[in-house]
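Residue-level structure breakdown
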Amino acid sequence: MPALLQTTIAGSLPKPEWLAAPGQLWAPWLLAGEALAEAKRDAVRLVLFDQERAGIDIVTDGEQTRRHFVTTLIESLEGVDFEHKKTVRIRNRYDAAVPVVVGPVARRHPVFADDAAFLRGQTARRIKYTLPGPMTMVDTLYDAHYKSREKLAIAFAEILNDEARAIEAAGADVIQFDEPAFNVYFDEVRDWGIAALERAAQGLKCTTAVHICYGYGIKANIEWKKTLGSEWRQYENTFPLLARSRIGQISLECANSHVPLELIGLLKGKDVLVGAIDVATDRVESPEEVAATIRAAMKYVPAERIYPCTNCGMVPLSREIARGKLKALGAGAALVRRELS
């Protein structure tokens, strides 16, 4: 039986300054060709070292091989024009220049399978690989072809399923779909979002997860959070639907947020990845603060269902701060584990 309170992270970690400019999303690569390919592999080795040394049990590649958690996959698909971008509102929060869907979307070849196989070969620990969820993909581009968010989401879900199966075959123990859009478009989540997510995960034998958060610690997200009031109850809309879904794990935000923790009790029967690290601040948590978040979650979810995690990705942070937060996560979980034993 695996140890209780196995730690993991939401996905991304900061990239080395020699690979991409620090502290920004969509940061361009600073190398090209084989030098870039080797640098990405080196960066994966470094983030694995940092995670393992911090006591993270289920590790990721820190998304070191991707410029962005959504668009790197989309870049490899047919039917999407990256040359003539349009500006859209992302998650109803900020404007961004995004690619345009100009025809039927299709996957030419596996996109991340080789990267997943490399990750598998570098560690003996369980590995998690992250993919964007279909609704979040739809919300990160301009659709000039399908003219239907639902139809485009289902098309993306089928592509994601092919990609997820290839990643599973490469040795992934957990495949996580990132769906921050689930915290914004509640009617769509109910009407077709869960169905699209389940289509993306169809037939997978590995553990499946969905990550729903309040976003990276960037200015637009921080400003949006200020408008949400003293209680953030967005999860109340989606958790009952997810509890009835075939997805095995739900990754969510708890630390330093206004989410009423009792809402996680709506996820009965699911593993809960409890966000115990705030990614929207440079302050490094103490192990005791992490432990306190885990203990609070244990009032509503059995310990054997809890996986201490980060609130969201840490790519906008400095590497030093991210390392400190990883260590706090590992040490905080170890504190509670000792108490339980």
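One can find the structure itself at the top, above this paragraph.
Structure report, in brief. (Residues numbered from 1 in each chain as written. Predicted model: local features only at pLDDT ≥ 70, side-chain atom pairs only at ≥ 80, totals over all residues. Heavy atoms only, no water.)

Brief notes about the pattern of salt bridges
- Following the criterion strictly, the structure yields 22 salt bridges and no others.
- For the salt bridge of Asp57 with Arg337, the shortest nitrogen-to-oxygen distance reads 3.6 Å. Of the two residues, Asp57 sits in the loop between helix H1 (33-54) and strand E1 (58-59) while Arg337 sits in helix H10 (residues 319-340), which places them 280 residues apart along the sequence.
- Between Arg305 and Asp271 there is a salt bridge whose closest N-O contact spans 3.0 Å. (Salt bridge = Lys/Arg side-chain N within 4 Å of Asp/Glu carboxyl O. Helix = DSSP H or I, 4+ residues; strand = E, 2+ residues; numbered from the N terminus.)

Let's talk about empty space enclosed by the protein
- Scanning all chains against the criterion turns up five cavities of 30 Å³ or more.
- Within this model, the second largest cavity holds a volume of roughly 180 Å³.
- Lys15, Gln24, Arg66, Arg67 and Val315 are the residues nearest the centre of the second largest cavity, which is lined by 19 residues in total. (1 Å grid on protein atoms, 1.4 Å probe; cavity = no way out; pocket = protein on both sides within 12 Å on 5 of 7 lines; lining within 4 Å. Points joined across faces, edges and corners; volume = space filled by probe spheres on them.)

Considerations on the layout of surface pockets
- Reported here for the largest pocket is a volume of approximately 240 Å³.
- Along its surface, the largest pocket is lined by 15 residues, and Lys40, Thr65, Val111, Asp114 and Asp115 are the ones closest to its centre.
- Looking at the lining of the largest pocket residue by residue, the class counts come to six nonpolar, three polar and six charged.
- Computed from the structure, the second largest pocket encloses a volume of approximately 160 Å³.
- Lining the second largest pocket, in full, are Trp26, Arg67, His68, Thr71, Thr72, Glu75, Phe82, Lys85, Ala97, Val98 and Pro99.
- Broken down by element, the residue count for the lining of the second largest pocket peaks at three residues, all from strand E3 (residues 94-107).
- Split by residue class, the lining of the second largest pocket holds five nonpolar, three polar and three charged. (Nonpolar A, V, L, I, M, F, W, Y, C, P; charged D, E, K, R; others polar.)

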